[in-house]
Structure formats: C-alpha cells, structure tokens
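The primary structure of each chain is shown beneath.
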Amino acid sequence: MIKIGDVAVDEQKVVETTSISSPEKKEESSSEKESTSTKKSKAKKQSRGTARVKLVREQEEKEINLFKENIYVVFVECETPGNVGFLARTMANFGLKNLVLINPPTLTKEAYYQATHGKYIVENAKIYPTLDDFYQSQRIDFKVASTGMAGGSYNLSRIPIKPEELGKSINVSNKTAILFGREGDGLSNKEIGDCDICVSIPTDPTYPIMNISHAAAIIFYELFKNKHDFGVKGLDESTELEKEYLIKDMKEMIDSLDIPEHKKRNGLKTFNNIISRAFITSREAHTFKGILRRLKIKLGEE
C-alpha cells in the first residue's frame, strides 16, 4: 500500500494501476477535465474583472484626492462671520478643505457654530489682505469667478457658463480657485476680469441673487459629480503660464494691426475668453503658439 509521504514506489505497480481503466472511467475522466477547464476559465474571467474594478476604484480615489487638494474656495471680503461658517459646512459636504478668506471680519463664535461638522475648515482657513496677495502666495492655474449678474455679449468679462459646463470641463489636476463675492455687491468687474472664466447659476430674473452657501452647493455638486471624467491620458489642461504666453503672442499680433485701440483691447479680451472657455490642453496650447509664431514671422516679412 502506498501512503502519503512515501519516498519511492514500485514502478511496475504504478504502471499496472494506471493501465486499468474502463470506457466509463475514460468518459468520467474526460468530463472531469472539461469541468476543471471551465472552472479555470471562469476563475480567470473573475480575476480579470476584479483587477479592472480595482483599477477603476484606484483611479476614482486618485480623482477624489486631487479634487480635495487642488480646489481653493475663495470668499472675498465677506460681511458676516456666519456666512463663513455656512460656506465651510457646504465645503465639508463635498470633501473640500481649502478655504481662503480675503480681508474678512473677525471670525466670532458664530462662524464656528454655523460650520457644525465643517468647523475644522474654518480653523484651517488661510487669510490674505487682498486677492493679489493670495495669487502671489499660491500658484493658481485656473481662476473661476461666480456671479449672480451674468452679462451679455458686450460685457465680455461677464459672459458666463453654467455650473454643469464647469463641472464637465474643469481639470482637477490643476490648482483652481473659485471666487465668491461680497454678500451685498458680489465681485467687482476687475476681480471678474482677472479670472479665466465666469460661472453663473440660472435663476428667476425677479430674484436672481442666491445665498452664498446655496450657490456654492450647486457649483460644488457639479464639480464633485464629474470629477471622475478626467482619467484620460494626454488631455491635461494647459497651465496658467502656457496660456499667458499664448495670449502674449496674440497681443503682439493684434498690436501690429492698424486698428483703433479699443478694438485691440476688445479683440484681445475676446481671444482670452475663448481660450478660457475652451479649456485647451497643453498640447493644443503649444500647437497654437507655434502657429502664432509663424504668423508673426510672416507678417514681419511682409
């Protein structure tokens, strides 16, 4: 009798044992092989499926982390500490943590009370005397102005997009500042003009201005629900520096034209708006810059 753990066996016995097999046993053996093969195939498919799900989850987690790290919520010269708390609470709902306060009032207990579970956001808020100080401190790639007073085609700085469009297009891999203005007056034309784009929420014209926390909730939701849309390689949005060089080249071309100064200014502003709304990629920016450079050379030759 052969037992588990025996080192050697009689070769003839092994041959005799393996040579005895009936047709029924052959069929059973074939059936067992097919069953084993099917099980292995299913196991491989399940393994591939599990790996794919894991990859998707890892990508989603990466997007969430980028979303939390790179979005800066900027409240410009708020008038009441309570609204700082309400804004912090809304940020906590969507996992945002970078709160920036520009020339705020003294943060009384009301700010922390209204923040409830977002109290830590108020405690860690960064305070700057002016927007320029904030821009110099943090290298922001993209600036978004929020306004309840959208402009028409002649008010170039206030041509808005909807929060849904912003959420679908924004790249969370870049540092992005979302500006909210004063409770009474909102953001100034200059503050909006310094931004890359303007976002506005469609409301009833009889009462268009929303409470800051309500407006913020809508904008944050649109950003949050679309954060997973940016896992495609090669579609990295152009940085602020790349856009600056692109606009600089266009300005030089416009300045060389024999047209009135106000048309030059409007032309450059229009180009700036188009570039901002298009969310061009880094590769597109470099390609466009190359074309503008060749056009400048061509104009110089003529």
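Up top is the structure these notes are about.
Residues numbered from 1 in each chain as written. Predicted model: local features only at pLDDT ≥ 70, side-chain atom pairs only at ≥ 80, totals over all residues. Heavy atoms only, no water.

Focus on the side chain of Lys269
In this structure, Lys269 sits in helix α11 (residues 261-278). Buried within the structure, Lys269 lacks any salt-bridge partner; its nearest side chain of opposite charge belongs to Asp194, at an N-O separation of 7.4 Å. Within the structure, Lys269 has its side chain in polar contact with the backbone oxygen of Gly193 (distance 3.5 Å). (Helix = DSSP H or I, 4+ residues; strand = E, 2+ residues; numbered from the N terminus. Buried < 20%, exposed > 50% of the residue type's maximum accessible area, 1.4 Å probe, protein only. Lys, Arg positive; Asp, Glu negative; His and termini not counted. Salt bridge = Lys/Arg side-chain N within 4 Å of Asp/Glu carboxyl O. Polar contact = N/O pair within 3.5 Å; in protein donor to acceptor, adjacent residues only side chain to side chain.)

A few points about the pattern of salt bridges
Within this structure, the stated rule accounts for 15 salt bridges. Close ionic contact of Arg182 with Glu191 constitutes a salt bridge, the shortest N to O distance being 2.8 Å. When its relative accessible area of 14% is taken as the criterion, Glu191 is described as buried. For the salt bridge of Glu252 with Lys296, the shortest nitrogen-to-oxygen distance reads 2.7 Å. Of the two residues, Glu252 sits in helix α10 (residues 240-255) while Lys296 sits in helix α12 (residues 282-301), which places them 44 residues apart along the sequence. By relative accessible area, Lys296 is classed as partly exposed at 26%. Taken together, the salt bridges that share partners define one network made up of Lys248, Asp249, Glu252, Lys289 and Lys296.

As for a nonpolar patch on the surface
On the surface, Met149, Tyr207 and Ile209 cluster together to form a nonpolar patch covering roughly 360 Å² of accessible area. Mapped onto the secondary structure, Met149 falls in the loop between β4 (142-146) and β5 (160-161). (Patch = residues over 30% accessible without salt bridge, like charges linked within 9 Å, V, L, I, M, F, W, Y side chains within 5 Å. Areas by Shrake-Rupley, 256 points an atom, 1.4 Å probe, with all protein chains shown as cover.)

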